[in-house]
Amino acid sequence: MKLIFEKGNKGRGCELLPPCDVPITEVNPNFKRNIELHLPEVSETELSRHYTELMKRTFGVNDGFYPLGSCTMKYNPKINDEMAKLPGFSEIHPLQPEDTIQGCLEVMALAEEYLCEITGMDRMSFQPAAGAHGEFTGLHLIRAYHKSRGDKKRDKILVPDSAHGTNPASATMAGFKVINVPSTKEGLVDLEALKKLVGEDTAGFMLTNPNTLGLFEENILEITDTIHQAGGLNYYDGANLNAIMGIARPGDMGFDVVHLNLHKTFSTPHGGGGPGSGPVGCKDLLAKFLPSPQVMKNSDGSFRLEYNNEQSIGRVKAFYGNFLILVRALTYILTLGREGLKNASESAVLNANYMMHQLKETFSIPFPKACMHEFVISLEKLKKEKGVSALDIAKVMLDYGIHPPTMYFPLIIQEALMVEPTETEAKETLDEVIAIYKQIYEEAVNNPESLHNYPLKTFIGRPDEVMAARNPILRYRAE
Amino acid sequence: MMQDLKFTKTNEWVQYLDETTVRIGLTDYAQKELGDLVFVNLPEEGDEVVAGEAFADVESVKAVSDVYSPVTGTVRSVNEELLDHPELINSDPMEAWFIEVEEVRETTEFLTEDEYDQFISKEG
Amino acid sequence: MGTYVPNTLQEQEGMLHSIGLNGREELFNSIPKEVRLDRSLKLPSGRSEMEVRNIMTNLAEKNRVFKTIFRGAGAYRHYIPSIVKQITSKEEFITAYTPYQAEISQGILQSIFEFQTMICELTGMDVSNASVYDGATAAAEAIIMCIERKRRKVVVSETVNPEVIFTIKTYCSGLDIEILTVAAKEGKTDLSKLEAILDQEIASVLIQQPNYFGQLEDGEAINTLVKSCGAKYIISCNPISLGILKTPAEYGADIAVGEGQPLGIPLSFGGPYLGFMAAKEAMMRKLPGRIVGETKDSQGRRAFVLTLQAREQHIRREKASSNICSNQALCAMTAAVYLDAMGKRGLEQAAILSMSKAHYLADRLCEIEGFELVYKGEYFNEFVTSCPGSVDKILQVLEERGILGGYPLTGELDGKLLWCATELNSKEEIDNMIDILKEVVGR
């Protein structure tokens, strides 16, 4: 397909702005742009059709089953988007006087109250713009806590080997050294190994629970206690909170700080890679370190932005975070309420167990007993015996019009496919997908060679990623 | 020349240019395991390398792997051609040297070619 | 109460039985009793869509939407073409995940590739990433990109937006990076002070153009100083201004960053916005975050993929130089559609209108005794004035008439106002405000 730069013609464009009604100010030649600016010159018709073409080449949750493990691709309710477009939210300047932004502050205060209750935390900041940004912020809270106590030796963050890549990367970015903690054969944190790794230099431990294998850490209290006993703090990666809303809370498991992914658990859309929102909640002992400003309630019931937080870690971004994403999440929480959120989690876990149960006869499932909201398939045997990889299997799925699961993660499982159906899929969809998975598996066993060339029905076949990385073409250049 | 070649269990080859100077590269076995390489991060001339510690890394499309130094010494020369043409490591791993190290003081355990062949046949 | 769960309770009963469970409770057998919540969440009950709409609408109505805005300071209200809102409301774009499955994600990938191209065109740089969270984090990431083993000090001009400086401080606080600031002189970076602190340990120098006070910095002179000590030069820029003003590349910058919000993104009480980052070719592999590249598919057709991924956290883990994963993809698409619609002519026009309106606003303000330009240098669409009498009182009067006046500065500049105008401010609006101000000040 052509790029927008290759469409249109010189002189075309849209008439959008009026003539100038004040004297025109000439730019001083010292500050004038001298290099040519190549932007597309297209009519509105061409522009509109260009993006309709791009739209057809895009697969969203609305296009079909989207079981990306650890990503929680649930349905994105339309009311959420509509509420975010209300001018009373979208047309508000971030630096308006406090008396003119009471509605925005109330949204933040309400969301804080509800999300703290859901997670068992005491305070929350909405400044982090995404999950990784939340990790970075939460780890800085841990750093500030130890520093405030004069405890300078604590420079290590422990991270399970099954963790998302952002965990160790965030720890490094926050200035910590990373210590990897092995998993047991059962797919859980190796408690004995953990006990040997903790010590006076332990700043904290990051954990996703249920973990990235879709298993709940049964020894969670002993794990968090081990860290506390060593003087460290426990960090909860909220990527998998969708399994346990209303059922268990990180705050009751011994976690001191959490981040949430509103774009996973709380139904806000992924937007093709963002904007998300990664609020950070914490127990009271860390509250004074939260990013500045914090929303506070005045005695007369109105709200203010409190900037006077001496021990705050400072800002992690301009203004107050991805506010319109928070508006969507609050809309969702108000819609579901206490029963609805619990029902969502129960249904998510049921859908995952239902799929796993139907698939475990066919596929090798490393932890087949019971899962939470997601489960992992290993195609190691298929790869060894038939030469068909997880990638091959995933690419066939594209031709069936379903999005493949997360591939090659977690890293501790060979040829992994990680399936998270979410609660918003109907039983008949699951049944269809189960049948497709089994059919693909059969094909892989009987006719392995044929599987290396899929997909065939998509707009493009498999792209040459080696060529892309060896000779990067990262932009269009006009001839 | 070939009899000067030594190998390591972390899949590097070492060629002695004189008594205290070596050339280091990745073995043919390693490049096959790693697949198509798309980039290599190299140290700078004058950097110190330490036996058993990573001095470079190689990137394939979906993975990055450390390359370990078999010796302790000072980097005398860096094969900058690899920065533009990492595919040379795939096409001719014995020619595609990474660095030359001088003032070699210490080394890791070396294998002869036969020993290395035996080692990788067990690994594979 | 909606849950968006399609399966009925009866259907779920059937599913439970088919997998050998007797009730929903049994799904959670692996969660130890001690951590199970033995009560309901203390939240309101679920509500119908209609009820929720009322609650949210009431909250929105507690905010004041200003018809007239003369305030910028990092967030700018520009005209947003209808087509921008239409295109970025398409469900496919909104609900898609990060385009890891390239074969069914060519739409998102191509839009990012086009965005990267436009950011390069705007800034004059060679390569751009797919976006970061906002302008402040873009500046912080750029600073981290430039750190070398022997260069761990960075210089930030005090004429950079304070929110950006605060963000940089947090980002650097764990990384053993020393931040030096250069004071302002007459609203611009003090060149002699800058020269005095530059040495061989400086990794980079960050300025903002136009700066926080709206003033245009002497970008070339700063470049000469920066390059003389071998440091990298980072310029944070306003993308609308680049329709007519000199690009970071022309000043000699190694990295250009900025807040992309003015490119079609509503004010949104501060977010989501759009951080953009572009660099010279030599810095390509140090850029953080996602980058889209062009390649071919198995049949030789043009294809786009996420590339250079081995830099990123999901592969490099603790050795990655940035942790960024989700970015602001939909905001990047918004900016791309905005620039498509505006084109070169439209962007130039927006820039000229904004600059001209700001100068007209300044001229008219200065007719009133007590309003004077605090800085005498060249400016784009923002400027600082003194203020006769109480800033609070004047802003209050304007607020009552539906006008959001200039931003009250603090610290050394207490009592001064930072004004902004864009193409949205008509002559009539400006004249109207001047009449109001004359009335207030005359009183």
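Predicted model, so just to flag it, every value in this text is computed and none were measured.

What follows is about the overall build of chain A. Assigned secondary structure in chain A consists of 14 helices and 12 strands. For 479 residues, the compact-globule formula gives about 23 Å, and the C-alpha radius of gyration of chain A, at 25 Å, lands near that figure. Along the longest, intermediate and shortest principal axes, the C-alpha atoms of chain A span 75 × 65 × 45 Å. Sorting the 479 residues of chain A into buried and exposed places 61% on the buried side. The contacts in chain A between residues at least 6 apart in sequence include a share of 73% that link residues at least 24 apart.

Okay, the nonpolar core next. Ranked by internal contacts, the top residues of the largest apolar core, which has 335 residues, are L326 of chain A together with I143 of chain C. In terms of residue count, the dominant contributor to this core is helix α12 (residues 329–365) of chain C (22 residues). Beyond its immediate chain neighbours, meaning those up to four positions away, I143 of chain C contacts V154, I168, C172, S204, L206 and I234 of chain C.

Further remarks concern helix α5 (residues 131–148) of chain A. Residue and element names in this part refer to chain A. The end-to-end C-alpha distance of α5, which contains 18 residues, comes to 26 Å, matching closely the 26 Å that a straight helix rising 1.5 Å per residue would cover. Most of α5 is tucked away, with 15 of its 18 residues classed as buried. A positive backbone phi angle near 70 degrees is found at G150, which sits one or two residues after α5.

Here we take up the sheet that holds strand β1 (residues 5–7) of chain B. Whether parallel or antiparallel, the strands of a sheet pair through hydrogen bonds between backbone atoms. Residues and elements named next belong to chain B. Pairing is antiparallel in the open sheet, where 6 strands are placed in the order β1-β2-β3-β9-β8-β5. Only two strands of the sheet have a single partner each, and these edge strands are β1 and β5 (48–49). In this structure, strand β3 (residues 21–26) lies alongside strand β9 (residues 99–107), joined through 3 bridges in antiparallel fashion. Note that in β9 the partner of V22 across the bridge is V101.

Before going further, it helps to examine the confidence of the model for chain B. Scored by pLDDT, chain B has a mean of 92; 97% of the residues are at 70 or more. For this predicted complex, the interface confidence score (ipTM) comes to 0.97, while the overall pTM stands at 0.97.

Now for the packing of helix α10 (residues 323–359) of chain A against helix α1 (residues 9–18) of chain C. Two numbers describe how α10 of chain A lies on α1 of chain C: the axes approach to 10 Å, and their chain directions differ by 40 degrees. The orientation of α10 of chain A with respect to α1 of chain C, classified from their angle, is oblique. With respect to the hand of their crossing, α10 of chain A and α1 of chain C are arranged in left-handed fashion. Residues S347, L350 and Y354 of chain A of α10 of chain A form the contact with α1 of chain C, whose own contacting residues are Q12, M15 and L16 of chain C. The residue inventory of the contact of α10 of chain A with α1 of chain C, partitioned by class, reads 4 nonpolar, 2 polar and no charged.

It is worth spelling out the interface of chain A and chain B at this point. Taken together, the contacts link 4 residues of chain A with 6 residues of chain B. In the side of chain A that touches chain B, the residues fall into 2 nonpolar, no polar and 2 charged.

All names here are of chain A. We note that the domain assignment places domain 1 (4–57), domain 2 (79–334) and domain 3 (342–465) within chain A. Look at where the C-alpha atoms of domain 2 and domain 3 centre, and you get two points 31 Å apart. Across the boundary between the two partners, domain 2 contributes 17 residues, which contact 16 residues of domain 3.

Turning to the interface of chain C and chain A, a few remarks are in order. Contact with chain C, which involves 166 residues of that partner, is made by 167 residues of chain A. When residues in the side of chain C that touches chain A are grouped by element, the largest group, 22 residues, is from α12 of chain C. Of the residues belonging to the side of chain C that touches chain A, the class tally is 77 nonpolar, 51 polar and 38 charged.

Time to look at unusual backbone geometry. Residues and elements named next belong to chain C. The omega torsion of the bond from Q209 to P210 falls at -15 degrees, within 30 degrees of zero and hence cis. By the element assignment, P210 lies in the loop between β7 (202–209) and α9 (219–228). At R317, a residue that is not glycine, the phi angle is positive and equals roughly 45 degrees. With respect to the secondary-structure elements, R317 resides in the loop between α11 (313–316) and α12.

A word on the packing of α10 of chain A against helix α13 (residues 427–446) of chain A. Residue and element names in this part refer to chain A. Between α10 and α13, the shortest axis-to-axis distance is 10 Å and the interhelical angle comes to 30 degrees. With respect to α13, the axis of α10 lies roughly parallel. Regarding α10 and α13, the two cross each other, and that crossing is right-handed. Together, N351, Y354, M355, Q358 and L359 of α10 and L430, I434 and Y437 of α13 make up the contact between the two elements. Broken down by class, the residue content of the contact of α10 with α13 amounts to 6 nonpolar, 2 polar and no charged.

This brings us to the environment of A196 of chain C. All names here are of chain C. With respect to the element layout, A196 can be found in helix α8 (residues 191–197). Classification of A196 by C-beta neighbours within 10 Å gives exposed; the count is 10. Measuring from C-alpha to C-alpha, the distance between A196 and D414 comes to 28 Å, with 218 residues separating the pair along the chain.

Residue and element names in this part refer to chain A. In this structure, P182 sits in the loop between β3 (177–181) and α7 (191–197). Taking C-alpha positions, P182 is 6.0 Å from P160, a pair spaced 22 residues apart along the chain. In this view, P182 contacts D161, D190 and A193; residues no more than four positions away in its chain are not counted.

With that settled, the discussion passes to the sheet that holds strand β7 (residues 280–282) of chain A. Residue and element names in this part refer to chain A. Read across the open sheet, the 7 strands follow the order β1-β7-β6-β5-β4-β2-β3; overall the sheet is mixed. Only two strands of the sheet have a single neighbouring strand rather than two, namely β1 (123–125) and β3. The sheet shows a mean angle of 25 degrees between the axes of neighbouring strands, taken without regard to direction.

Let us now look at the pairing of strand β4 (residues 202–208) of chain A. Each regular strand shows side chains that alternate between the opposite faces of the sheet. Residue and element names in this part refer to chain A. Among the 7 residues that make up β4, 7 are buried, leaving the element largely enclosed by the rest of the structure. Where strand β2 (residues 156–160) meets β4, 3 bridges bridge the pair, whose relative direction is parallel. In the sheet register, I157 faces β4, and the bridge partner there is G204. One ladder, built from 5 bridges, connects β4 with strand β5 (residues 233–237); its direction is parallel. Each residue of the ladder has a partner; that of F205, found in β5, is N234.

Moving on, we come to the environment of C237 of chain C. Residue and element names in this part refer to chain C. With respect to the helices, strands and loops of the structure, C237 is situated in strand β8 (residues 232–237). By the C-beta count within 10 Å, which is 27 here, C237 ends up buried. Setting aside anything within four residues of it in sequence, one finds C237 in contact with T123, Q209, L242, P248, A256 and G258.

Thresholds applied
- Residues numbered from 1 in each chain as written.
- Chains lettered and ligands numbered in written order.
- Predicted model: local features only at pLDDT ≥ 70, side-chain atom pairs only at ≥ 80, totals over all residues.
- Helix = DSSP H or I, 4+ residues; strand = E, 2+ residues; numbered from the N terminus.
- Rg over C-alpha atoms; globule rule 2.2 N^0.38 Å.
- Buried ≥ 20, exposed ≤ 12 C-beta atoms within 10 Å, placed from the backbone.
- Contact = placed C-beta atoms within 7 Å.
- Core = buried A, V, L, I, M, F, W, Y, C linked by C-beta atoms within 7 Å.
- Expected span 1.5 Å × (residues − 1).
- Pairing = 2+ DSSP bridges.
- pLDDT = per-residue confidence, 0-100.
- Axes fitted to C-alpha atoms, helices over the stretch in contact; angles between N-to-C directions.
- Parallel < 35°, antiparallel > 145°, perpendicular 65-115°, else oblique.
- Left-handed = near helix turned anticlockwise from the far one by under 90°.
- Nonpolar A, V, L, I, M, F, W, Y, C, P; charged D, E, K, R; others polar.
- Domains from an automatic or database assignment.

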